[in-house]
Protein chains: 2
Amino acid sequence: MDLECGSQEPVKQGLLARGWLKIKALSNNVKAEVFEFFRTLRKLGQDDPRRVVHSLKAGLALTLVSLFYYYQPLYDSFGVSAMWAVITVVVVFEFSVGATLGKGVNRGLATLLAGALAIGAHQLANLTGRICEPVVLGFFVFLQAAISTFARFCPKIKARYDYGLLVFILTFSLISISGFRDDEILELVHKRLLTVLIGGSTCVIISVLLFPVWAGQDLHNLIASNMEKLGIFLEGFGDEYFKMSEDGESKEGISLLQGYKSVLNSKNNEEALANFARWEPRHGRFQFRHPWKQYLKIGALTRQCAYRIESLNGHLHADIQAKPEIRSKIQSTCTEMSMESGEALKELSMAIKTMVKPFAADIHIEHSKSAVKNLNSLLKSGLWDDEPNLLEVVPVATVASLLIDVVSCTANIAESVHELATMLNFETVEPTVLRETEPEI
Amino acid sequence: MDLECGSQEPVKQGLLARGWLKIKALSNNVKAEVFEFFRTLRKLGQDDPRRVVHSLKAGLALTLVSLFYYYQPLYDSFGVSAMWAVITVVVVFEFSVGATLGKGVNRGLATLLAGALAIGAHQLANLTGRICEPVVLGFFVFLQAAISTFARFCPKIKARYDYGLLVFILTFSLISISGFRDDEILELVHKRLLTVLIGGSTCVIISVLLFPVWAGQDLHNLIASNMEKLGIFLEGFGDEYFKMSEDGESKEGISLLQGYKSVLNSKNNEEALANFARWEPRHGRFQFRHPWKQYLKIGALTRQCAYRIESLNGHLHADIQAKPEIRSKIQSTCTEMSMESGEALKELSMAIKTMVKPFAADIHIEHSKSAVKNLNSLLKSGLWDDEPNLLEVVPVATVASLLIDVVSCTANIAESVHELATMLNFETVEPTVLRETEPEI
């Protein structure tokens, strides 16, 4: 027995120790995850401090509306309907003014319309008698839910009125089936509408007055910064590509250029922002009927350019590279094409940001176009007679051809930015620094 | 007077006639728009008849839940709380099972958690006395709304629990501030939870039992059909590109190949479907923990390939084309590369669709790789000595180089499909039609 006991004790202790270690490891894991989570949250706040402000605004709006419950005179007049003001604030309050306004208008109009229709349906069902009434009401609810749900699939409706249709289904169902007497139902609709209006306008007022976030401004900045990202890549590409052949690979430089990747998938973001922006009133330099479609057009052209850049980027990582002596023949023209179109994109981005006519970009585009001409004549020349091995030439030729595509993409972007400048009467500011034209003076 | 009257009469008539014309034109316009709207709706239904079915299902779910109001014994036990079942159905019922389940689970858990916390907050506030109570409650509402709103910015939380946080804010606010007595608040939470569960389970049951739409199946099909679209382009590209040099442009053929464009922007769609699919239980050939991440990986590689194809497509429209005699030198190898990688993609797509190991695709990939080798040796050969004008060669060289990229992209896609096949134990079916290997037999 003693022997057994003696042999069990260490086993027990070993189990205990192992269990303790496991618990410790688990708690360390949990600690690390919680720490990681808070680090993510802090980064979210640092990346865009407006997020913190928005959260505080949402808290404020909700607290304000909950006064309905605390302040007796208000509660007496609205009663349980005050709930709808709270619900409205929670679901309507969005990050940008446009989104909040859009949802608020959708909710208000849908409540009004659905309330009116529901009263009609209720009256009509009343006429059919006590037994038929639920059947008729059920049929109405089924019909409107099916039709409205189907209408939500329509892309145009989905983009602007999706939330309105949801509220329409909700309000119509709730009011038509509530089964109250006629005068009660009128009062219900009246109270519902009033509380929704109070909730909605609280959201809109707070969203507009306290540190407003304009979707239009965000779209404006997004389009400009996307262009800038491509510009940064193109400015660095020439050096990076031709340097690699000289002193091997330079991974650091390449990773600095990868900012353009986000442009490839920005379509949905741009469209959402444009949809919100359409709801926004005049603010700063943006009017109510600002040409948001033109922004989307510029965004699409920028993405076209980004696809070419994605192909170019592949050549930075390619295993097979052309011989240095072949590269060096077109190094200067290719670098110029890349550099000039990069600078053009950065100037266009700056022109949009500052709302100034993009004259400075035009000069860079002219330069990049003349670099294309130089390249063409270089390719036509007999410089390549000593290179019968076309395999060595193909990678360089591809890079050159992609850069020619990029130059024409950039010209298209510039054209659409000019259209925007005309639409919005951008300021005319002659470029003060004309580095490139100095020799002509 | 008479004279004046006489001169006014025709003017009046003219105005009337013009007014009538205007009204007629307007009514015609309205007619045309209404007609157009219904045409859009019909097309939506024809494109995906599941949309019609979904609308009917939504109507059915709502009508079922509204029984709470019509059926007296049910109404007696739930009263106005029955409203929450209706609200739950309207907001939770989504197109796919995964989305419905995700929202239902979110709503249920959030209501439970928020209800419990709200009772706690209510008790705590009660302790502070009559005057302090609203201040303490207001502070709690502000705090939880601000924190939850901020947490919604976290991408990981947004993807899966966005709706849960919204319901959390809503339920916590509504219950904590409702200002009832303690026993009443317990009953409120209990009823709320029960009605939400009833509403949610109605949605889930109808969504699963009646013509279910599985997000997982949709993602599966989307990935496969995206691959197929690229395959169709590549199969047609060779002919289209080299035919153009012979008998001018063929716009019709080109427009048939533009199906791949939708692949460029399918990222958001794929990610949303994957998020929904994670909620879905085992169905058909899909398990609960199906490797949806691998699908996203395949989707990303397919998009990489689509970017190259976008560049290739630019060459179909290019103004400057190489001379036919230059093209003809590499026509057969380029057409083979394009055709074989196109067929490989179509076979891969078919392999995913039928969940069969992609052996047939491997053969095509081998063929495309050997075509690349042939091209390389063709480029190395002295065949080009008589072409000192490199400008003529550049477009062809670019197309060749892009096709080489496409071949390597296709190989990457094939590799990741093989990984998927291993993960899911795809069936092993030896390809019955080995057209390409017949000569060897």
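For clarity, every value in this text was computed on a predicted model and none was experimentally measured.

## Digging into the overall build of chain A
Okay, so step 1: A count of helices and strands for chain A gives 17 helices and zero strands.
Okay, so step 2: By residue count, 49% of the 441 residues in chain A fall in the buried class.
Okay, so step 3: A sequence separation of at least 24 residues applies to 81% of the contacts in chain A between residues at least 6 apart.
Okay, so step 4: Looking at chain A as shown, the accessible area adds up to about 21500 Å², and 63% of this sits on carbon and sulfur atoms.

## Description of the relation of the copies chain B and chain A
Okay, so step 1: At an RMSD of 0.1 Å, chain B and chain A line up after a rotation of 180° and a shift of 0.0 Å along the axis. What we have between these two chains is a two-fold relation. Considering only C-alpha atoms, the part of chain B nearest the rotation axis is T398 of chain B, at 2.3 Å.

## Points about the domain arrangement of chain A
All names here are of chain A.
Okay, so step 1: What the domain assignment lists for chain A is domain 1 (51-209) and domain 2 (215-433).
Okay, so step 2: Computed over C-alpha atoms only, the centres of domain 1 and domain 2 are separated by 48 Å.
Okay, so step 3: With 12 residues of domain 1 in contact, the opposing surface of domain 2 contributes eight residues.
Okay, so step 4: Between domain 1 and domain 2 the total buried area reaches about 800 Å² when both faces are included, carbon and sulfur atoms providing 68% of it.
Okay, so step 5: Broken down residue by residue, the surface that domain 1 buries against domain 2 is led by G98, L101 and R160, which jointly contribute 47%.
Okay, so step 6: Scanning the region where domain 1 abuts domain 2 turns up zero salt bridges.
Okay, so step 7: Counting every contact that joins domain 1 to domain 2 gives one residue pair in polar contact (both at pLDDT 80 or more).
Okay, so step 8: When contributions to the side of domain 1 that touches domain 2 are tallied by element, the ones reaching two or more residues are helix 6 (97-127) and helix 8 (155-177).
Okay, so step 9: Among the elements that take part in the side of domain 1 that touches domain 2, helix 6 stands out by supplying seven residues, more than any other.
Okay, so step 10: The class makeup of the residues in the side of domain 1 that touches domain 2 is seven nonpolar, four polar and one charged.

## Here we look at the UniProt feature "transmembrane region" (unreviewed entry) in chain A
All names here are of chain A.
Okay, so step 1: The sites that carry the UniProt feature "transmembrane region" (unreviewed entry) are, in the present numbering, residues 52-71, 77-97, 135-154, 161-181 and 193-215.
Okay, so step 2: Helix makes up 85% of residues 135-154 and strand 0%, whereas the separation of the span's terminal C-alpha atoms amounts to 30 Å.
Okay, so step 3: Taken end to end, residues 193-215 comprises 78% helix and 0% strand; its first and last C-alpha atoms sit 27 Å apart.

## Some details on the interface of chain B and chain A
Okay, so step 1: Listed by partner, the interface residues are 77 residues for chain B and 77 residues for chain A.
Okay, so step 2: Taking both partners together, chain B and chain A bury about 6800 Å²; carbon and sulfur atoms supply 74% of that area.
Okay, so step 3: It is Y70, F150 and F153 of chain B that lose the most area in chain B upon contact with chain A, and together they represent 10% of the buried surface on that side.
Okay, so step 4: Our count for the contact surface shared by chain B and chain A stands at zero salt bridges.
Okay, so step 5: Remark: the boundary between chain B and chain A carries seven residue pairs in polar contact (both at pLDDT 80 or more).
Okay, so step 6: The dominant element in the side of chain B that touches chain A, judged by the number of residues it contributes, is helix 7 (residues 132-151) of chain B, at 11 residues.

## Structural notes on helix 15 (residues 324-354) of chain B
Residue and element names in this part refer to chain B.
Okay, so step 1: Taking 1.5 Å per residue, 31 residues should reach 45 Å; helix 15 reaches 42 Å between its end C-alpha atoms and fits that length.
Okay, so step 2: The largest bend along helix 15 reaches roughly 55° and is located at Q331.
Okay, so step 3: The positive-phi residue at the C-terminal boundary of helix 15 is M355, with phi of around 55°.

## Thoughts on the pattern of salt bridges
Residues and elements named next belong to chain A.
Okay, so step 1: Taken as a whole and assessed by the stated rule, the structure comprises 30 salt bridges over all chains.
Okay, so step 2: A salt bridge links R39 to E36; the nearest nitrogen and oxygen atoms lie 3.5 Å apart. One end of the pair, R39, and the other, E36, are both in helix 1 (residues 2-47), three residues apart, so they sit about a helical turn from each other.
Okay, so step 3: Its salt-bridge partner being K43, residue D47 comes within 2.9 Å of it at the nearest N-O pair. Residue D47 and its partner K43 are both found in helix 1; the two are separated by four residues, about one turn of the helix.
Okay, so step 4: A single network of salt bridges, built from pairs that share partners, joins D48, R50 and D218.

## Quick look at helix 5 (residues 82-92) of chain B
Okay, so step 1: Judged by how many residues are buried, helix 5 of chain B sits mostly within the fold: 11 of 11 residues are covered.
Okay, so step 2: Every buried residue belonging to helix 5 of chain B is among A82, M83, W84, A85, V86, I87, T88, V89, V90, V91 and V92 of chain B, and all of these are buried.

## Some points on a nonpolar patch on the surface
Okay, so step 1: Taken together, L60, L64, L67, I205, L209, L210 and F211 of chain A make up a surface patch of nonpolar side chains, about 680 Å² in accessible area.
Okay, so step 2: Along the chain, I205 of chain A turns up in helix 9 (residues 182-209).

## With respect to the side chain of N226 of chain A
Residues and elements named next belong to chain A.
Okay, so step 1: With respect to the element layout, N226 can be found in helix 10 (residues 215-247).
Okay, so step 2: The class of N226 is buried, set by a relative accessible area of 2%.
Okay, so step 3: Within polar-contact distance, the side chain of N226 engages the side chain of S266 at 3.3 Å.

## Things to note about the environment of K191 of chain B
Residue and element names in this part refer to chain B.
Okay, so step 1: Checked against the element boundaries, K191 lands in helix 9 (residues 182-209).
Okay, so step 2: On the accessibility criterion, K191 (22% relative accessible area) is partly exposed.
Okay, so step 3: Sequence-wise, K191 and M227 are 36 residues apart; in three dimensions their C-alpha atoms are separated by 50 Å.
Okay, so step 4: Excluding residues that lie within four positions of it along the chain, K191 makes contacts with S77, F78 and S81.

## Here's the deal with unusual backbone geometry
Okay, so step 1: With phi around 40°, F211 of chain A is a residue other than glycine that occupies positive phi space.
Okay, so step 2: Looking at the element boundaries, F211 of chain A is found in the loop between helix 9 and helix 10.
Okay, so step 3: Residue classification places F211 of chain A among the exposed residues on the basis of a relative accessible area of 63%.
Okay, so step 4: Despite not being glycine, M355 of chain B shows a phi value in the positive range, around 55°.
Okay, so step 5: Of note, M355 of chain B is situated in the loop between helix 15 and helix 16 (359-380).

Criteria and cut-off values
- Residues numbered from 1 in each chain as written.
- Chains lettered and ligands numbered in written order.
- Predicted model: local features only at pLDDT ≥ 70, side-chain atom pairs only at ≥ 80, totals over all residues.
- Heavy atoms only, no water.
- Helix = DSSP H or I, 4+ residues; strand = E, 2+ residues; numbered from the N terminus.
- Buried < 20%, exposed > 50% of the residue type's maximum accessible area, 1.4 Å probe, protein only.
- Contact = heavy atoms within 4.5 Å.
- Areas by Shrake-Rupley, 256 points an atom, 1.4 Å probe, with all protein chains shown as cover.
- Least-squares fit on C-alpha atoms with pLDDT ≥ 70 in both.
- Domains from an automatic or database assignment.
- Buried area = accessible area lost by both parts, 1.4 Å probe.
- Salt bridge = Lys/Arg side-chain N within 4 Å of Asp/Glu carboxyl O.
- Polar contact = N/O pair within 3.5 Å; in protein donor to acceptor, adjacent residues only side chain to side chain.
- Nonpolar A, V, L, I, M, F, W, Y, C, P; charged D, E, K, R; others polar.
- UniProt positions renumbered as here; feature names shortened; annotations may be inferred.
- Expected span 1.5 Å × (residues − 1).
- Bend = angle between axes of the 7 residues up to and from the residue.
- Patch = residues over 30% accessible without salt bridge, like charges linked within 9 Å, V, L, I, M, F, W, Y side chains within 5 Å.

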